[in-house]
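Structural overview
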Amino acid sequence: VLYDFAKKNSITDQFDRLSDVLLPKLCELVICTRNRPRIWKNSIQSDGKQELGTLEIFGGDEPIDAIDVFLRGVTVDIENRHAFRQNLLGIVCQSIPCSRSVPVIYRKTIDDENGTRLGELTILEDEEAIDAAVRFIRKLNGRSIDEIALK
């Protein structure tokens, strides 16, 4: 409800602040089951019109990652899963912002030796792990490799 209000009034950039203020009070009045808005929902069918389930994408999720997770759970045989996934992404991205077309297949929070969070190492589909590690290290802006606990 809050996200729909923010979207309708063109204030989605202020949604997090609005949610932080209003959600605790609203959840005292009604049962709340999540704290992230559902920003996209649709029933998905195969190319052969077989029902695959309902895809939901929540605020903060990258659409391609949600689509990939959804399709991994589909047991129906889809002839070309990659093409199907990209077509579905095209449909979703017409409605909500998308920043990637390749899903993350591995994600790990990386802390320094003092436990301070440095960031998140992500490996994308078809990406070599070493390339992802180099990309992560380059984002550290000069921090010493010795400070990183990649374990």
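In every chain, residue numbers begin from 1 and rise along the written sequence. It should be noted that, the model being predicted, local features are given only for residues of pLDDT at least 70 and side-chain atom pairs only at 80 or more, the latter also being counted only at that level, while totals for whole chains, interfaces and linings use all residues. Based on all heavy atoms of the structure, the side-chain values leave hydrogens and waters out of the count.

In this section: the environment of C93. Helical segments are the DSSP runs of H or I of at least four residues, strand segments are the runs of E of at least two, and each set is numbered from the N terminus. Looking at the secondary structure, you find C93 in helix α4 (residues 81-93). Along the primary structure C93 and P63 are separated by 30 residues, whereas in three dimensions their C-alpha atoms are 7.8 Å apart.

This part takes up the nonpolar core. As used in this record, nonpolar core signifies buried Ala, Val, Leu, Ile, Met, Phe, Trp, Tyr and Cys residues forming a set joined through side-chain atoms within 4.5 Å. Burial here depends on accessible area, computed with a 1.4 Å probe over protein chains only, as a share of the maximum for the residue type. Under 20% is buried, over 50% is exposed, and the range in between is partly exposed. If you look at the biggest cluster of nonpolar residues, it comprises 19 residues, and the most contacted ones within it are I44, L52, L55, I57 and V92. At the level of secondary structure, the elements contributing two or more residues to this core comprise β1 (38-45), β2 (51-58), α3 (63-72) and α4. No other element matches the five residues that α3 contributes to this core. Those residues in contact with L52 that lie beyond four places of it in its chain are I44, Q45, S46, F70, V74, V76, I78 and F84. The contact criterion used is simple: two residues touch if any of their non-hydrogen atoms lie within 4.5 Å.

A few words now on the pairing of strand β3 (residues 104-112). Only strands that DSSP links by at least two bridges are regarded as paired with each other. The sheet contact formed by β3 and strand β4 (residues 117-124) spans seven bridges and is antiparallel. Counted as the bridge partner of D111 is R117 from β4. Where β3 folds back on β4, the antiparallel hairpin that results is connected by four residues, among which G115 adopts a positive phi of roughly 90°.

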